[in-house]
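An overview of the molecular structure
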Amino acid sequence: MIAPQARHSAMKQAALWVILFCMPVRSASVPHNSRHTPSTQYADNSEVQSALAWLTRNLTWITEQQVRLTEIPAPPFQEAQRGVAVRALLASSGLEVQIDKTGNVIGELRGANEKEIVVLSAHLDTVFPSSTEVKVRHEGDRLLAPGISDNGTGLAALVAIARACHEAHIKPRRTILFVADVGEEGEGNLRGMRALVETYRPKLKSVIVLDGSGTDHVTTKALASRRLEATINGPGGHSWSDFGMPNPINALVRASVRFINTKVPVSPRTTFNIGQIEGGTSVNSIPYEAKLKVDIRSESEDELTKLDSALRECIAAGVRDEMESARDRSKGKLEWKVNLLGSRPGGELPANSALLAALRAADVYVGNQSRLERSSTDANIPLSHGIDAISIGAGGTGGGAHSLQEWYEPASREMGLKRALLTLIGVSGLAEEKAR
Ligand SMILES: [Zn+2]
């Protein structure tokens, strides 16, 4: 939790922004929405202006880094090679860089106040297995490759913003950590962000997650989810000579039919998906094993817990039904278990947080509008600990995430980069703030 005193000063800072935004424009020489109105507290600082200009001048270089990083495979649990490339890029921006034991790449820009930390992060990993072709293809202005947008865009923005701060000699008030973290996707179960928050928790004030493309949203609510794997085992046998023996696949099918008939509320929105099913030996064998993987999500932890229990009850019932209908129970019975593969806790950014105020101020400055969203991202972890966090796109347009047809177009990237930089400076502050 943020100390009450820090929260108070953060609220004062937020209040300052609100005052600045809401001040009626009285002078024609200071038009509303002008680049020179104080729509962010720091945007007219000369170093910040210089960092923004650096981003504008180096859009081609940024796209080159995105292509290069995307072409280094980073399957789940194998992010090390891409991590080394990001380490070199962060080190060349004058940061002290280390790779922690989880595999997170952490570049430090020391602030005047080292007791307070803000994080800008982008995940290294993709959902694609190591056999996937990740060479980037160019079709006009469009770049195509698995992972090009999620999270090539976020990583490119991370290294670009670090470089822009370095080139512009920005000296933050709070220490900034630029982090390329591991394990965001799927069964990675947010392990990189978990480790990061665990390490820095007492000092951590804000986390800004860069994930994918776009500037249309800001994730402020963490969607809670669980991934479960059910396994049913039996003795196994021959399809003809052992007919009548309990069959784990039959039991799994019986259980699945029960589970998919579970009623879930529309509000709070609650969902489930049987995403994988496997088992069996051959067409003429009674299998000895069957498995299924289920993803459950809800706006409510209570509903999540109910659905978790429902799955276990359905598996138990499916096994019971299969045992009851088996003609030959003499050769053994079915066993079952349900394992938790992953769990993402929920949480929500307070509406009056300094981080949201900084993002809103940045949106005004760059002329962007964005909607609040609930989603499952790296921000779940800090939010679940009461630490301010958001997840945003890093600009440009993209689509086909998690598919082999994934694409990205950098044309409108600049706005996303500036929005992220200004939000970051908004929460880090500057070491020497000019009196105004
Ligand atoms: Zn992502």
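Computed from a predicted model, the values in this text were never measured in an experiment.

A separate point is the overall build of the chain. Counting secondary structure elements, the chain contains 11 helices and 19 strands. Residues classed as buried in the chain amount to 53% of the 436 residues present. The long-range fraction of contacts in the chain, counting pairs at least 24 apart against all pairs at least 6 apart in sequence, stands at 81%. By element, 52% of the accessible surface of the chain is carried by carbon and sulfur atoms, the whole surface being about 19400 Å².

Further remarks concern the nonpolar core. Core analysis: the largest hydrophobic core is formed by 78 residues, its most contacted members being V86, F178 and L210. Beyond its immediate chain neighbours, meaning those up to four positions away, F178 contacts L90, L95, V105, I106, G107, L109, L120, L158, I161, A162, C165 and L424. In this structure, I232, L307, L311 and V319 belong to the second largest nonpolar core, which totals 21 residues.

Before going further, it helps to spend a moment on the environment of V264. Among the secondary structure elements, V264 is positioned in the loop between α7 (248–260) and β11 (270–279). V264 sits in the partly exposed class, given a relative accessible area of 29%. If near-sequence neighbours (up to four positions away) are discounted, V264 is found in contact with T270, F272 and L307.

Turning to the coordination of the zinc ion, a few remarks are in order. Protein coordination at the zinc ion: the donors are H123 (NE2), D150 (OD), D211 (OD) and D211 (OD), at 2.0 to 2.8 Å from the metal. Read N to C, the donor residues that coordinate the zinc ion are spaced as H-x26-D-x60-D. Separated by 61 residues along the polypeptide, D150 in the loop between β5 (142–144) and α5 (152–167) and D211 in the loop between β7 (204–210) and β8 (217–222) bring together distant segments of the chain. Owing to a relative accessible area of 11%, D150 belongs among the buried residues under this scheme.

Before going further, it helps to spend a moment on helix α8 (residues 301–325). Each α-helix winds once per 3.6 residues, and so residues spaced three or four apart point in a common direction. With 25 residues, α8 ought to run about 36 Å at 1.5 Å a step, and its terminal C-alpha atoms sit 36 Å apart, in line with that. Capping the start of α8 is the job of one residue whose side-chain oxygen sits 3.1 Å from the backbone nitrogen of D302: S300.

As a further point, take the side chain of R163. Tracing the sequence through the fold places R163 in helix α5. E167 is the oppositely charged side chain nearest to the buried, salt-bridge-free R163, at an N-O distance of 4.3 Å. There is a polar contact of 3.0 Å between the side chain of R163 and the side chain of S93. Once residues lying within four places of it in the same chain are set aside, the contact partners of R163 are W54, W61, L89, S92 and S93.

A cluster of nonpolar side chains, contributed by I249, V253 and V257, occupies part of the molecular surface with about 220 Å² of accessible area. Mapped onto the secondary structure, V253 falls in helix α7. Judged by relative accessible area, V253 falls into the partly exposed class, the value being 45%.

Counted according to the given criterion, the structure contains 25 salt bridges. Residue R191 is joined to E79 by a salt bridge in which the shortest nitrogen-to-oxygen separation is 3.3 Å. One end of the pair, R191, is in helix α6 (residues 191–200); the other, E79, is in the loop between α3 (59–70) and α4 (80–91), and 112 residues separate them in sequence. Under the relative-accessibility criterion, R191 is labelled partly exposed at 21%. Residue classification places E79 among the buried positions, given a relative accessible area of 5%.

Taken as a whole, this structure holds two aromatic pairs when the rule is applied. The interplanar angle of 75° and the centroid separation of 5.8 Å between the aromatic rings of W54 and W61 together place this pair among those described as edge-to-face. The exposure class assigned to W54 is buried, which follows from its relative accessible area of 6%. Here the aromatic rings of F259 and F272 are separated by 5.1 Å at their centres, their planes lie at 55°, and the arrangement is tilted. Of this pair, F259 sits in helix α7 while F272 sits in strand β11; the two residues are 13 residues apart in sequence, bridging distant segments of the chain. The exposure class assigned to F272 is partly exposed, which follows from its relative accessible area of 24%. The ring of W407 carries the charged tip of R142 above its face, separated from the ring centre by 3.7 Å.

Turning our eyes to something else, we now look at the layout of surface pockets. Reported here for the largest pocket is a volume of approximately 860 Å³. As for the largest pocket, its lining consists of 36 residues, of which D150, E185, D211, A401 and H402 are closest to the centre. Where the lining of the largest pocket is concerned, the elements lending two or more residues are β8, β16 (371–375) and β18 (397–399). The biggest single contributor to the lining of the largest pocket is β18, with three residues. Class assignment for the residues of the lining of the largest pocket results in five nonpolar, 21 polar and 10 charged. In this model, the second largest pocket occupies a volume close to 220 Å³. Class assignment of the residues belonging to the lining of the second largest pocket gives a composition of two nonpolar, four polar and four charged.

Turning our attention to the confidence of the model for the chain. The share of residues in the chain with pLDDT of 70 or more is 90%, and the mean pLDDT across the chain is 90. A low-confidence stretch, residues 1–39 (pLDDT under 50), is modelled with 50 contacts involving residues beyond four sequence positions or located in other chains.

With respect to the helices and strands, the residue R82 is situated in helix α4. As a buried residue without a salt bridge, R82 has its nearest oppositely charged side chain in D125, at a separation of 7.5 Å. Looking at R82, its side chain comes within polar contact range of the main-chain oxygen of I72, at 2.8 Å. Not counting residues within four places of it along the chain, the set of residues in contact with R82 comprises L69, T70, I72, P73, A74, L124, T126 and L155.

What follows is about the pairing of strand β2 (residues 105–109). Among the five residues that make up β2, four are buried, leaving the element largely enclosed by the rest of the structure. Taken together, the four bridges between strand β1 (residues 96–99) and β2 define a ladder with antiparallel strand orientation. When the bridges of β2 are listed, Q98 appears paired with I106. Remark: five residues form the turn of the hairpin made by β1 and β2, two consecutive strands paired antiparallel; G103 in that turn has positive phi of roughly 110°. The sheet contact formed by β2 and strand β6 (residues 174–181) spans five bridges and is antiparallel. Among the inter-strand pairings, L109 is bridged to a residue of β6, identified as I176.

Cut-off values and rules
Counting from 1, residues in each chain are numbered in the order their sequence is written. Thresholds applied to this predicted model are a pLDDT of at least 70 for local features of residues and 80 or more for the giving and counting of side-chain atom pairs; totals over whole chains, interfaces and linings are not thresholded and use all residues. Excluded from the side-chain calculation are hydrogens and water; included are all heavy atoms of the structure. Helix numbering and strand numbering both begin at the N terminus, where a helix is a DSSP run of H or I of at least 4 residues and a strand a DSSP run of E of at least 2. For the exposure calls, accessible area comes from a 1.4 Å probe over protein chains only, and a residue counts as buried if that area is under 20% of its type's maximum, exposed if over 50%, partly exposed in between. Only heavy atoms matter for contacts: two residues are in contact if any of them lie within 4.5 Å across the pair. Accessibility throughout is a Shrake-Rupley quantity obtained with a 1.4 Å probe, and a residue counts as covered only by protein chains that appear here. By nonpolar core we mean a set of buried residues, namely Ala, Val, Leu, Ile, Met, Phe, Trp, Tyr and Cys, connected to one another through side-chain atoms within 4.5 Å. Counted as donors are N, O and S atoms no farther than 2.8 Å from the metal, or 3.2 Å for Na, K and Ca; water is not among the atoms, and sites may therefore look incomplete. A helix is expected to reach a length of 1.5 Å times the quantity of its residues less one. In protein, a polar contact means a hydrogen-donor-capable atom and an acceptor-capable atom, both N or O and within 3.5 Å, with residues adjacent in sequence counting only if both atoms are side-chain atoms; elsewhere, any N or O pair within 3.5 Å suffices. For this count, His and the chain ends are skipped, Lys and Arg are scored as positive, and Asp and Glu as negative. Salt bridges are defined by distance alone: a side-chain nitrogen of Lys or Arg within 4 Å of a carboxyl oxygen of Asp or Glu. To count toward a patch, a residue needs a relative accessible area over 30% and no salt bridge; like charges are then connected within 9 Å, while nonpolar side chains (Val, Leu, Ile, Met, Phe, Trp, Tyr) are connected within 5 Å. Each Phe, Tyr or Trp ring (for Trp, its six-membered ring) is paired with any other whose centre lies within 6.5 Å, and the angle between the two planes then decides the class: stacked below 30 degrees, edge-to-face above 60, tilted in between. Two conditions define a charge sitting above a ring: the NZ of Lys or the CZ of Arg must be within 6 Å of the ring centre, and it must be within 35 degrees of the ring normal. Using a 1 Å grid laid over the protein atoms alone, points where a 1.4 Å probe fits but cannot get out form a cavity; open sets with protein on both sides within 12 Å along at least 5 of 7 lines form a pocket; any residue with an atom within 4 Å of a point counts as lining. Grid points are joined across faces, edges and corners, and a volume is the space filled by probe spheres set on the points. Side-chain classes are defined by residue name, with Ala, Val, Leu, Ile, Met, Phe, Trp, Tyr, Cys and Pro counting as nonpolar, Asp, Glu, Lys and Arg as charged, and the others, Gly among them, as polar. pLDDT is a per-residue confidence score from the predictor, ranging from 0 to 100. For two strands to be treated as a pair, DSSP must find no fewer than two bridges joining them.

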